Structure formats: structure tokens, C-alpha cells
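# Structural features, examined
Next come the chains, spelled out residue by residue.
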Amino acid sequence: MEQAIWAENLTKKFGSFTAVDAISFTVGQGEIFGFLGANGAGKTTAMRMLSGLSFPTSGKARVAGFDVYKQPELIKRHIGYMSQKFSLYEDLTVQENIRFYGGIYGLSGAEIRSKTEQLLQELDLEWIAKSQVQSLPLGWKQKLAFSVAQVHNPSIVFLDEPTGGVDPITRRQFWEMIYRAADRGVTVFVTTHYMDEAEYCDRISIMVDGRIAAMGSPGELKRDNNVPSINELFVRLARHTSSNM
Amino acid sequence: MSIYINHISKSYGPVKALDDISFEVSKGELFGLIGPDGAGKTTLIRILTTLLVPDAGTARVLDLDPVKEFRKLRPHIGYMPGRFSLYQDLTVLENLNFFATIFGTTIEKNYHLIADIYSQIEPFKNRRAGQLSGGMKQKLALSCAMVHEPEVLILDEPTTGVDAVSRKEFWEMLARLKERGITILVSTPYMDEASLCDRVALIQNGHILQVDSPASIVESYDRPLLGVRAQNTLRLLEDLRHYPLTHTAFPFGDSVHLALTGEQTDGELLDYLQKKGHTELAIEPIAANIEDCFMELMTEKIA
């Protein structure tokens, strides 16, 4: 079976600055992969290349079976994306947001109707289907955004800091949704600043100055580096780097 | 007493942002206001920093009323708002100069107050603030909030969205400021930062859940709590929710924290999970952390 994500020496330079420096890794289908790194370590740049939004300077990568150079449009159609900052239209209702994204991804009217019904029921949001998204608590918005990112049944979902500022119970409900998606075979590629969340992932990588400084399952990484938590490993690797002056 | 909050309430239309909040912060204390987005942290901070008037209740900061005596109070507070508040198109030095000037002082006069923090970004003093990394922006913002020698420092989510290394450094800076006797009120959505404070208020939906030292909060958790692991965490979670003695079951990384409604007999849970077909099982009693406490208090409020 083909890997969900495959990258080899993937590199991105901006002028003389190397934002992503020859990173190589694979992510299996149905895996939850945590993509960690300090601010400015190159996570966003790497994610933009993998989601077909930015051409690499060199190296190779395939995502959902498509080439990042030759087939970026196909990649976009087969992945889901959710960011903390923007995912839903605040002045559209819950239902309108689902319809909008369904339309963007080319679902038929009938598909949109059945998908809307299914999502509203799963999220227990039927009673506020016609409320504007801005009136929803943050946690509900994030859960809705995650579902909307999967409206077209993508095989991979990219989540960029999905749980920032969310209360601890809702944060866990969110991770349960991630587990359920992975259980259905969806690959989840997630970034977070909550180091304890790294421990929910099957495998993680820690980026430092454009390179992958550590990669493995959280258990392996803690054992091999003799640290009690991923937080400690992260601080050890990322301290005194150019992005943390 | 440096900060005194007495039955404060504030609504925005139908939304009750703060509902009858009371607590005190002692002089020289490092006090954490811990809660998720929408809990009311910023509203409370804006009331204390004279930027917002409460609907009901009173507050005193350095024995001054933030509503009636705001002009007298302002020079004594250092305030770092949640959103990056510096002028992006001014340089590091220009920003610092600006804040020093509006408070009627100079960088030279108070350099000793900010030397520890500012010296780290001084090599970049001619760089525009907008071009700084997250960690450097934080250091500049803190320098600007300190340059007029405030007695109280009020920081609204200074570590949100910042990576773990910068967060750690920031808390180290706060600890050094505290040693100089400055009172610090700091808000954060990161529960793990509670342990770095002398005392904390846990806040959710405009209500204070608990005010105490982090150690006392953790000690006051009174349910039997188990850490449970199995090969399949998702199925484990589902099965634990149906276990008769379960109060709550929450995932924590690759394990589940299981709070029980009462004591159980030895082997009862293991037996139950084995019958459900779980493998690689590990069950051990664990001590609660701040997040366990926060979730327990949230659950009590909902119930």
C-alpha cells in the first residue's frame, strides 16, 4: 500500500534562507502524525508544500498518491485542511458553512443534503443548524471545522494547531474525533504547541531550524532520549537555535 | 493586598462574561488566571487595567479604584495585552522609547529594570518589531510594560501560540521579576503553567472554579483516580465509559485517566477490561494533575 505522505529531501529556500532543509519522512495511511517544532522552525512552510500550496525548491514528495510538483490541484482535492485561525465563515450559519464547503469540493446537491444531516446529527448541532457560526462556543466551532474539513471524505487531514485555547474537556473530545477519523483509515497530520498532545499521536517529528531533529513514537522518543516527557525533549532540542534567540 | 476583586460582574448583551467574581492577590505574588478562551480572563484584566467598567462589584489595585481613580492608577501598572500590542512598523528601540516617553521616563533612567530581558533583544534594536520572532516579540512587549517601573504587572496570555521553549524562558523571566518584589497577575489557557504560579484562580464561563496554590488544588482532588493503558486507546475509552463505577474517563496521551465514583475491589476493572478483549493492559493509581482538577470542577458545575 502506498504511504499517505512520502517526502524525500524536501527543501524550500527563500532567497538565501533555507526554511525547510532536506526533510525526509513518511506517514502511513490511518496514522496520527504530530508535526512539532519551534516558532519559525519551518513547520508552516513544510505544510504548505505538502498541501500543494507552495512548490518545493528541491526534493520529492507525494501526498495521497499525487506528486507535489505535477499534481498540486489533485492533492488539494484529496486532502482536508483546518487551521485554528480560519476555517469557518463566522457570518454564515452552521448549515450554510457545510453547504459552502460541500460545494467547493464539488459534492452534488443530494450529497450535500445527506452529509449536512449526518454531520449535524454526529455533532449534536441540529438544534442550532440555522445559527450563525460566530454565536457558537469556540470548542463547538473547532469540532464543526474538523468535520467540515472532511466533508469530501479526504484520505488525509491537515490540522494546524486545532485546539489552541480550547477547554480541557473539549480538547479531549476533539482528540477523540481525531482517533475516530484515524480508526476509519483517515491519515491525520497535526501541529500543536501543547506538548502533552504530542503524546496522543502514533508518531511525531520535531523540527528545529528547518530539519527534523527527532522522529518516532512518543514512547520510543522518551525512552531513547531518557526524558520523562516530550516537552522536555522539545526544549532540549529547540533551545538555543536561531529561531529562539 | 495588591489586587482586590469583590463580586465583579460584567455582561456583553445577553452574554455573562464575568459572574460574581471575587479573589485577592497579595503583594509580591505571582498569580495565575487559568482558563480556556471565553472564560472571562481578558474581561477581568481589562477591568483591572482601567480599560473597562464592571456592571457590578468593586475592584482595587494598589489601593486605588480602577473606575474612579484610573488616572492615578495607570502609571503604576505594567500591562501586556493578549494581542501583540507593539507598533509593527517601529523598530525595537523606537517602541521602547515610545512607551518610556508616554510614561514620562527614559530608557536610560530605568535600564536596570529591563536589562535582564532587554539585553537579549538589544542586538536587534534597529529591527522593526513586525520582523521579530515570537519569542523576541514577547521580550520586547515585556520590556515595554516594565520600562516605567510599575508595581503591578498584568499580562494577558503572554505565552499563547508561542512554542514550548519561548514559554519556558518567559516563565523564567517572570520568576526573576517576582524576586524583585513585583506583583504579577498572568492569564493563560495552558493548564500546565499553573504549577509555575504561587496561587491560581481556575476560571470557566465567567465563574471562578477554585482559588488556591497549585499544590493545594491537586491535593483537594478526592476521587480515586487510575491511569489505564491498553493496546487500543479508542476502544478502551469507550469501554471505560460503560464501566459501572466510572465517574469520568478522559484520554491523556496514550493512557486514559479514569475517575471512579467509589472504591472498587482489587482486580475488578482488570477483569472487566479483559472480558472486553483488551490486551497490553496496565492499570495504576495516579495522582491528579491540574487538568484533572479543572475537568472535575467543570463536570461538577455542569451537573
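Let's shift gears to helix 9 (residues 230-238) of chain A. Burial in helix 9 of chain A covers these residues: A:Ile230, A:Leu233, A:Phe234, A:Val235 and A:Ala238. Looking at the buried side of helix 9 of chain A, the elements it contacts are strand 3 (32-37), helix 7 (195-198), strand 9 (203-208) and helix 8 (218-225) of chain A together with helix 6 (164-179) of chain B.

Listed by partner, the interface residues are 30 residues for chain A and 35 residues for chain B. Between chain A and chain B, roughly 2,800 Å² of surface is buried when both sides are summed, and carbon and sulfur atoms account for 58% of that area. Where chain A packs against chain B, one counts 6 salt bridges. One salt bridge in this structure joins B:Glu169 and A:Arg239, with 3.9 Å as the shortest N-O distance.

The next subject is the domain arrangement of chain A. Often, the extent of an interface is quoted as the loss of accessible area on bringing the components together. Residue and element names in this part refer to chain A. Partitioning chain A into structural domains gives domain 1 (5-87 + 149-244) and domain 2 (88-148). The distance between the C-alpha centroids of domain 1 and domain 2 comes to 25 Å. With 24 residues of domain 1 at the interface, the matching set in domain 2 holds 17 residues. Approximately 1,700 Å² of surface area, both sides summed, lies buried where domain 1 meets domain 2, with 66% of it carried by carbon and sulfur atoms. Across the contact surface, domain 1 and domain 2 share 12 residue pairs in polar contact (both at pLDDT 80 or more). Where the side of domain 1 that touches domain 2 is concerned, the elements lending two or more residues are helix 2 (72-78), strand 6 (79-83), strand 7 (156-160) and helix 6 (168-183).

Turning to the sheet that holds strand 1 (residues 5-14) of chain A, a few remarks are in order. The strands making up a sheet are joined through hydrogen bonds of the backbone, oriented either antiparallel or parallel. Residues and elements named next belong to chain A. Taken in spatial order, the 4 strands line up as 2-1-4-5 in an open sheet, and their pairing is antiparallel. Strands at the two margins of the open sheet, each flanked by one partner only, are strand 2 (17-27) and strand 5 (66-67). Where strand 4 (residues 58-63) lies against strand 5, 2 bridges are found, and the strand directions are antiparallel. Within strand 5, the position partnered with Arg62 by the bridge is Asp67. Of the strands in this sheet, strand 1, strand 2 and strand 4 touch helix 1 (residues 43-50), which is tilted by about 120° from strand 1.

Within soluble globular proteins, side chains that are nonpolar tend to cluster in buried spots. Judged by nonpolar contacts, the single largest core of 79 residues is most densely connected at A:Ile5, A:Leu144 and A:Phe189. Tallying contributions element by element places helix 6 of chain A first for this core, with 7 residues. Counting contributing residues per domain, this core is built from domain 1 (5-87 + 149-244) and domain 2 (88-148) of chain A, each supplying no fewer than three. In this structure, A:Phe189 is in contact with A:Ile5, A:Phe25, A:Val27, A:Phe33, A:Phe35, A:Met47, A:Leu50, A:Val157, A:Phe158 and A:Leu159, ignoring residues within four places of it in sequence. A:Ile169, B:Met173, B:Val186 and B:Leu202 belong to the second-largest nonpolar core, a separate cluster that totals 55 residues.

Right, let's talk about the pairing of strand 11 (residues 246-252) of chain B for a bit. Most of strand 11 of chain B sits out of view: 6 of its 7 residues are buried. Joining the antiparallel neighbours strand 11 of chain B and strand 12 (residues 255-260) of chain B is a turn of 2 residues, in which B:Gly253 adopts a positive phi near 60°.

Residue and element names in this part refer to chain A. In contact at an axis separation of 10 Å, helix 3 (residues 94-104) and helix 4 (residues 109-122) are set at 135° when each is read in the N-to-C sense. In terms of axis orientation, helix 3 runs oblique to helix 4. Every pair of crossing elements has a handedness; the one defined by helix 3 and helix 4 is right-handed. Only Ile112, Thr116, Leu119 and Leu120 of helix 4 make contact with helix 3, whose side of the interface consists of Val94, Gln95, Ile98, Arg99, Gly102 and Gly103.

As a further point, take the sheet that holds strand 2 (residues 15-25) of chain B. Residues and elements named next belong to chain B. The 3 strands are arranged 2-1-4 in an open sheet whose pairing can be described as antiparallel. Looking along the sheet, the strands with just one partner apiece sit at the ends: strand 2 and strand 4 (56-61). With direction set aside, neighbouring strand axes in the sheet form an average angle of 20°. Relative to strand 2, strand 1 (residues 3-12) runs antiparallel, the two sharing 7 bridges. The partner of Ile5 across the bridge, within strand 2, is Phe23. Across the face of the sheet, helix 1 (residues 41-48) comes into contact with strand 1, strand 2 and strand 4 while running at roughly 120° to strand 1.

All names here are of chain A. On inspection of all chains with the given rule, the structure shows 19 aromatic pairs over all chains. Their ring planes at 45° and their centres at 5.2 Å tell us that Phe146 and Phe174 sit as a pair that is tilted. Residue Phe146 is found in helix 5 (residues 138-148), and its partner Phe174 is found in helix 6; the two are separated by 28 residues along the sequence. Residue classification places Phe174 among the buried positions, given a relative accessible area of 2%. In this structure an aromatic cluster arises from ring pairing among Phe25, Phe33, Phe35, Phe158 and Phe189. Directly above the aromatic system of Tyr194 lies the positively charged group of Arg171, at a separation of 4.1 Å from the ring centroid.

Residues and elements named next belong to chain A. Along the chain, Lys13 falls in strand 1. Given the relative accessible area of 44%, Lys13 is considered partly exposed. Between the C-alpha atoms of Lys13 and Ala129, which are 116 residues apart in sequence, the distance is 45 Å. Setting aside residues no more than four positions away along its own chain, Lys13 makes contact with Thr18 and Thr57.

Looking now at the pattern of salt bridges. Pairing is possible between side chains of opposite charge, provided their charged atoms come close. One pass over the full model with this rule turns up 30 salt bridges over all chains. The salt bridge partner of B:Arg167 is B:Asp192, with a shortest N-O separation of 3.1 Å. You can see B:Arg167 sitting in helix 6 and its partner B:Asp192 sitting in the loop between strand 7 (183-188) and strand 8 (199-204), a full 25 residues away along the chain. Assessed through its relative accessible area of 7%, B:Arg167 is described here as buried. Two residues, B:Arg167 and B:Glu193, come together in a salt bridge whose shortest N-O distance is 2.9 Å. Of this pair, B:Arg167 sits in helix 6 while B:Glu193 sits in the loop between strand 7 and strand 8, placing them 26 residues apart in sequence. This pair shows no difference in class: B:Arg167 is buried, exactly as B:Glu193 is. Connected via shared salt-bridge partners are A:Arg171, A:Arg172, A:Asp196, A:Glu197 and B:Glu291.

Conventions we followed
Residues numbered from 1 in each chain as written. Chains lettered and ligands numbered in written order. Predicted model: local features only at pLDDT ≥ 70, side-chain atom pairs only at ≥ 80, totals over all residues. Heavy atoms only, no water. Buried < 20%, exposed > 50% of the residue type's maximum accessible area, 1.4 Å probe, protein only. Helix = DSSP H or I, 4+ residues; strand = E, 2+ residues; numbered from the N terminus. Contact = heavy atoms within 4.5 Å. Buried area = accessible area lost by both parts, 1.4 Å probe. Salt bridge = Lys/Arg side-chain N within 4 Å of Asp/Glu carboxyl O. Domains from an automatic or database assignment. Polar contact = N/O pair within 3.5 Å; in protein donor to acceptor, adjacent residues only side chain to side chain. Pairing = 2+ DSSP bridges. Axes fitted to C-alpha atoms, helices over the stretch in contact; angles between N-to-C directions. Core = buried A, V, L, I, M, F, W, Y, C linked by side-chain atoms within 4.5 Å. Parallel < 35°, antiparallel > 145°, perpendicular 65-115°, else oblique. Left-handed = near helix turned anticlockwise from the far one by under 90°. Phe/Tyr/Trp six-rings, centres within 6.5 Å; stacked < 30°, edge-to-face > 60°. Lys NZ or Arg CZ within 6 Å of the ring centre and 35° of its normal.

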